[in-house]
Amino acid sequence: MQDERPSAKACSALIQEKTNKESDKKYKKHIKNELNKLAQEINDIDAKLIIAPMTIPSHAINKINFYHLRAVNMLNEELKDFSKKKNVIFLDTISILKKGSENNFIDCCHLSK
């Protein structure tokens, strides 16, 4: 499969654009299209997919550009909505971490107590 990610230059240009309702619709549509491709693949092999929201550490939330944070929130909304599909499970890591237990730990691939 060919890598279809945009170049760093293209990403930089996108970040500089001001967002509006139309750009939000395009962004969400792109996310949905990619998730639907993934859904087809997991259904073809009768697998289950566990997804989690993009989680920003609380100590970093105030350092993030408003537009980046807005994009993360839209992505997380789309992921949660996607999890309503058959064979998809949403692991709400944000809620788990907000419970405040110092014993909860999440890295890129693991959730443990």
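Keep in mind that this is a model prediction, so the values were computed, not measured.

Re the overall build of the protein
Along the protein, the regular secondary structure elements total four helices and four strands. When the helices and strands of the protein are listed from N to C terminus, the series reads α-α-β-α-β-α-β-β. Residues counted as buried form 21% of the 113 residues belonging to the protein. Accessible surface, the protein: about 9100 Å² in total, of which carbon and sulfur atoms supply 55%.

A few points about the pattern of salt bridges
A side chain of one charge can pair with a side chain of the opposite charge when the charged atoms of the two come close. On inspection of all chains with the given rule, the structure shows four salt bridges. For R70, the salt bridge is made with D24, and the minimal N-O distance between the two is 2.5 Å. Taken together, the residues R70 in helix α3 (residues 66-82) and D24 in helix α2 (residues 21-44) connect sequence positions 46 residues apart. For R70, a relative accessible area of 22% puts it in the partly exposed group. A relative accessible area of 13% places D24 in the buried class. When the shortest N-O distance is used, the salt bridge between K37 and E34 registers 3.1 Å. Taken together, the residues span about one helical turn, with K37 and E34 both in helix α2 at a distance of three residues. A residue is classified by how much of its surface remains accessible, and K37, at 44% relative accessible area, is partly exposed.

Structural notes on the confidence of the model for the protein
Taken over all residues, the pLDDT of the protein has a mean of 82, while the share at 70 or more is 73%. Predicted confidence in the protein is weakest over strand β4 (residues 111-112), with a mean pLDDT of 52, and strongest over α2, with 94.

What to know about the nonpolar core
Among the nonpolar cores identified, the biggest contains 11 residues, and these are I31, L35, A39, I42, L49, I51, L75, L79, F82, V88 and F90. Elements supplying a minimum of two residues to this core: α2, β1 (49-51), α3 and β2 (88-90). Apart from the residues within four sequence positions on either side, L35 is in contact with E78, L79 and F82.

Overview of unusual backbone geometry
Of note, D46 is a non-glycine position whose phi angle comes to about 50°, a positive value. Structurally, the position occupied by D46 is in the loop between α2 and β1. Positive phi, close to 70°, is recorded for N87, a residue that is not glycine. With respect to the element layout, N87 can be found in the loop between α3 and β2. A residue is classified by how much of its surface remains accessible, and N87, at 13% relative accessible area, is buried.

Rules used in this analysis
Residues numbered from 1 in each chain as written. Predicted model: local features only at pLDDT ≥ 70, side-chain atom pairs only at ≥ 80, totals over all residues. Heavy atoms only, no water. Helix = DSSP H or I, 4+ residues; strand = E, 2+ residues; numbered from the N terminus. Buried < 20%, exposed > 50% of the residue type's maximum accessible area, 1.4 Å probe, protein only. Areas by Shrake-Rupley, 256 points an atom, 1.4 Å probe, with all protein chains shown as cover. Salt bridge = Lys/Arg side-chain N within 4 Å of Asp/Glu carboxyl O. pLDDT = per-residue confidence, 0-100. Core = buried A, V, L, I, M, F, W, Y, C linked by side-chain atoms within 4.5 Å. Contact = heavy atoms within 4.5 Å.

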